[in-house]
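# Chains, contacts and geometry: an overview
Each chain, letter by letter, is given below.
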Amino acid sequence: MSEIKTIGIAGAGTMGAGIAIVCARAGFRTRVFDVSQQSIDRARGQTEGFLRKSVERGKLAAEKLPEIMGAWSGTTDLADFADCDLVIEAVYESLPVKHDLFGKLNAICPETTIFASNTSTISITEIAGGCGRPDRFVGMHFCLPAQLMKLVEMSPGLSTSDDTFQRAWAVCEALGQKPVRTQDTPGFVLNYFLIPFNNDAIRLVEQGVAEAADIDLAIKAGMGYAMGPLELLDLVGMDTQKLLCEAMHGVTNEPRAACPPLVKKMIAAGWLGKKTGRGFHRYQDSKMFGA
Amino acid sequence: MTTYRITASGDSRSFPAAHPFVEQATTDGVGHVFTGDGAGAAFTAAGDLASSAFVAIELGQECLGVHTGESRGEEGSNVVGFARFRLGRADPSLLVELVRQPATSEAAIAAARAAFEAAGLKVAVCGDFPGRIIDRLIRPYLNAALRRLDEKLASAEDLDKTLCLGLGYPEGPISLLERTGLAEHHDVTLALYGALGQEPYAPARRAQVAKARQAKGI
């Protein structure tokens with residue numbers, strides 16, 4: 001097996017852009033694909049902006065910035081992934097979309113290339129089933145924002161070979177991340193617990209058990225959490241929470257994962273959270289999370 | 001700050017040791033606080049307290065309405081319930097869950113809040129529901145962690161590590177339960193299951209085992 005030097009990131013959204021920062025910062029040649037040149041440009045701008053702030057805060061040597069940006073390249077042509085040793089997919093949470101992408105990549109990339117998915121809710125085994133190389137497929141779920149959060153949930157599918165899993169794990173460590181092994185189940189560990197927990201907090205508001213501010217205060221003062229569940233939901237966004245609920249509930253039928261009606265009402269009202277200035281709380285600073 | 005007097009009846013889960021809230025009480029305070037596992041009975045025996053700035057009854061698992069009575073969803077007076085949150089065998093936290101009824105006077109809530117906050121405590125107000133805020137939220141999460149450990153979703157270490165690293169929790173669910181008591185978790189979540197009838201509150205197998213061992217004195 002060849003050494004992993006070049007990593008392709010498929011999808012230049014918030015998650016993909018963050019993973020690309022992690023890869024480039026760790027010294028890997030990093031290639032970012034998106035169908036939209038605008039998305040590529042935005043991801044590059046976000047990367048440069050993030051790294052400049054890192055320099056200003058003394059977390060990155062100034063001379064490293066051009067080196068990292070030199071390792072970062074964007075493309076709208078999937079064929080440019082032909083020399084990638086690892087491809088991490090971070091596109092929309094849709095099984096057909098992911099199957100289509102990996103089907104194309106399977107024809108472009110060498111046999112030795114490992115495919116990974118950053119999915120948070122879809123089965124790794126199911127995605128791998130449509131990629132043509134299920135033994136060289138693995139789940140690598142980064143946390144948002146990837147450039148700041150160290151955790152990566154590593155999940156083998158049913159057909160993932162030990163060698164593939166170990167190589168992906170080693171890359172994860174080389175990226176400076178902290179991998180944990182989880183089974184291939186919807187939500188893995190983090191979202192399996194987080195989505196229902198957040199829904200439970202929403203239902204406490206729906207049922208009039210307490211106001212949002214009191215729920216957040218209680219969790220912080222009583223459990224020592226850094227952030228209350230409704231503050232976290234305001235950062236994540238009601239629209240994202242709804243998508244996560246639908247993805248997880250659709251697979252598990254877990255009642256606690258079902259999207260609470262209040263979320264749908266808040267979306268209809270434009271109360272998406274911090275990004276629109278109002279969610280469970282009101283915000284003057286509506287800067288996007290992770291931006 | 002609103003002054004208050006304390007009537008202590010039995011063991012208090014909220015104030016098992018010396019605390020400024022207890023030390024700051026006076027014998028002629030305008031508020032009345034009943035602490036201990038006999039707080040409800042002491043409140044009932046105290047007679048008319050309608051002129052008090054506030055009356056606070058320490059609660060266990062029960063609702064405030066058990067002591068004050070309920071009527072047509074319009075119950076409420078100058079009486080609030082309270083419990084300082086503590087998880088199992090852990091020391092009490094800084095959090096006081098202050099329980100109100102639908103028509104509890106805002107003045108009583110404000111006075112009780114001021115009294116607790118003057119002693120350095122944090123106050124979250126909630127309605128009169130089983131489990132109040134924290135137990136309602138964390139017991140399903142803790143039961144789910146125990147069940148998923150049985151199902152080998154991840155090792156205990158990786159479950160804890162994932163939730164600490166991914167969500168910034170100070171402690172993962174498995175080590176938290178080991179530290180504060182699985183049998184104690186069983187008792188609280190069983191009471192909630194009885195009150196709410198919802199499956200996520202049913203004690204997980206590992207909690208049942210711990211309770212059975214405790215009952216055998218093991």
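Scroll up a little and you will see the structure.
Residue and element names in this part refer to chain B. Running from N to C, helix α5 (residues 134–150) and helix α9 (residues 205–215) cross one another at 100°; their axes reach a closest spacing of 7 Å. Taken together, the axes of α5 and α9 lie roughly perpendicular to each other. Two secondary-structure elements touch here, α5 through L146, L149 and D150 and α9 through R205, R206 and A207. Here the contact of α5 with α9 is built from residues that sort into three nonpolar, no polar and three charged.

To continue, consider helix α2 (residues 37–56) of chain A. Residue and element names in this part refer to chain A. The terminal C-alpha atoms of α2 lie 29 Å apart, and with 20 residues this matches the ideal 28 Å at 1.5 Å per residue to within 8%. Lining the buried residues of α2 we find α1 (14–25), β2 (29–33), α3 (64–71) and β3 (72–75). Sitting at the head of α2, S36 places a side-chain oxygen 3.2 Å from the backbone nitrogen of Q38.

How big an interface is tends to be stated in terms of accessible area lost as the parts join. Listed as interface residues are 40 residues of chain B and, on the opposing side, 39 residues of chain A. Roughly 3,300 Å² of surface becomes buried between chain B and chain A when both sides are summed, with 73% attributable to carbon and sulfur atoms. Its largest share of buried area at the contact with chain A, chain B owes to B:L137, B:L153 and B:T162, together 19% of the area lost on that side. Where chain B packs against chain A, one counts zero salt bridges. Linking chain B to chain A there are eight residue pairs in polar contact (both at pLDDT 80 or more). Broken down by secondary-structure element, the contributors of at least two residues to the side of chain B that touches chain A are β6 (122–126), α5 and α6 (156–167) of chain B. At nine residues, α5(B) tops the list of elements feeding residues into the side of chain B that touches chain A. Taken together, the residues of the side of chain B that touches chain A break down into 26 nonpolar, five polar and nine charged.

Here the focus is the side chain of B:H19. Residue and element names in this part refer to chain B. Tracing the backbone shows H19 in the loop between β1 (4–8) and α1 (20–23). Here the side chain of H19 touches F21 through a polar contact of 2.9 Å, landing on its backbone nitrogen. Once residues within four sequence positions are removed from consideration, H19 is found in contact with R84, A119 and L121.

A separate point is the state of the cysteines. All names here are of chain B. Applying the stated rule across the entire model yields zero disulfides over all chains. Unpaired in terms of disulfides, C63 finds its nearest cysteine sulfur in C126, a separation of 9.6 Å. For C126, a relative accessible area of 2% translates into the label buried.

Under the defined criterion, the tally for this structure stands at 16 aromatic pairs over all chains. With a centroid separation of 5.1 Å and an interplanar angle of 15°, the aromatic rings of B:F15 and B:F21 are classed as stacked. Per residue, the accessibility class of B:F15 equals that of B:F21, and both read buried. Measuring from centroid to centroid gives 4.5 Å for B:F21 and B:F116, while their planes differ by 15°, and the two rings are stacked. Pair noted here: B:F21 is in helix α1 and B:F116 is in helix α4 (residues 106–118), with a separation of 95 residues, a long-range link. An identical accessibility class is assigned to B:F21 and B:F116; each is buried. Each residue in the set A:Y192, A:F193, A:F197, A:Y225, B:Y141 and B:Y169 is aromatic and connected to the rest through ring pairs, giving one cluster. Just above the ring of A:W271 sits the side chain of A:R278; from NZ or CZ to the centre is 3.6 Å.

Our focus in this paragraph is helix α8 (residues 212–223) of chain A. All names here are of chain A. Given a rise of 1.5 Å per residue, twelve residues ought to cover 16 Å, and the 16 Å separating the end C-alpha atoms of α8 matches this to within 8%. Within α8, burial applies to A212, D214, I215, D216, A218, I219, G222 and M223. Two residues or fewer after α8 comes G224, characterised by a positive phi angle close to 75°.

This part covers the sheet that holds strand β8 (residues 178–181) of chain A. In space, the eight strands of this open sheet follow the order β3-β2-β1-β4-β5-β6-β7-β8 (chain A), with mixed pairing throughout. One side of each edge strand has no neighbouring strand; the edge strands of this open sheet are β3 and β8 of chain A. The sheet shows a mean angle of 25° between the axes of neighbouring strands, taken without regard to direction. Here β2(A) runs beside β3(A); their pairing, made up of four bridges, is parallel. Looking at β3(A), one finds that A:R31 is bridged to A:S73. Strand contacts of α6(B): β7 (151–156) and β8 of chain A, with the helix running at about 140° to β8(A), the strand carrying the most contacts.

So, about the environment of A:S39. Residues and elements named next belong to chain A. Checked against the element boundaries, S39 lands in helix α2. Between the C-alpha atom of S39 and that of G11, which follows or precedes it by 28 residues, the distance is 8.6 Å. Setting aside residues up to four positions removed in sequence, S39 forms contacts with A12 and D34.

For the rest of this paragraph, the subject is the sheet that holds strand β5 (residues 95–99) of chain B. Across a sheet, strands are paired by hydrogen bonds formed along the backbone, either parallel or antiparallel in direction. Residue and element names in this part refer to chain B. In spatial order, the strands read β1-β2-β3-β4-β5-β6; together these six strands make up an open sheet with mixed pairing. Each of the sheet's edge strands pairs with one partner strand only, and the pair in question is β1 and β6. Along the sheet, successive strands turn relative to each other by an average axial angle of 25°, direction set aside. In terms of strand pairing, strand β2 (residues 31–35) meets strand β3 (residues 55–58) through three bridges, oriented parallel. Opposite H32, over in β3, you have V55 as the bridge partner.

Membership of the largest hydrophobic core comes to 71 residues, with the highest contact counts inside it found for A:F193, A:F280, B:I133, B:I138 and B:Y141. The residues contacting A:F280, other than those within four sequence positions of it, are A:I202, A:V205, A:A212, A:L230, A:L233, A:D234, A:M238, A:L262 and A:M266. Listed in part, the 39 residues of the second largest apolar core include A:A24, A:L60, A:L86 and A:V152.

Rules used in this analysis
Residues numbered from 1 in each chain as written. Chains lettered and ligands numbered in written order. Predicted model: local features only at pLDDT ≥ 70, side-chain atom pairs only at ≥ 80, totals over all residues. Heavy atoms only, no water. Axes fitted to C-alpha atoms, helices over the stretch in contact; angles between N-to-C directions. Helix = DSSP H or I, 4+ residues; strand = E, 2+ residues; numbered from the N terminus. Parallel < 35°, antiparallel > 145°, perpendicular 65-115°, else oblique. Contact = heavy atoms within 4.5 Å. Nonpolar A, V, L, I, M, F, W, Y, C, P; charged D, E, K, R; others polar. Expected span 1.5 Å × (residues − 1). Polar contact = N/O pair within 3.5 Å; in protein donor to acceptor, adjacent residues only side chain to side chain. Buried area = accessible area lost by both parts, 1.4 Å probe. Salt bridge = Lys/Arg side-chain N within 4 Å of Asp/Glu carboxyl O. Disulfide = S-S within 2.5 Å. Buried < 20%, exposed > 50% of the residue type's maximum accessible area, 1.4 Å probe, protein only. Phe/Tyr/Trp six-rings, centres within 6.5 Å; stacked < 30°, edge-to-face > 60°. Lys NZ or Arg CZ within 6 Å of the ring centre and 35° of its normal. Pairing = 2+ DSSP bridges. Core = buried A, V, L, I, M, F, W, Y, C linked by side-chain atoms within 4.5 Å.

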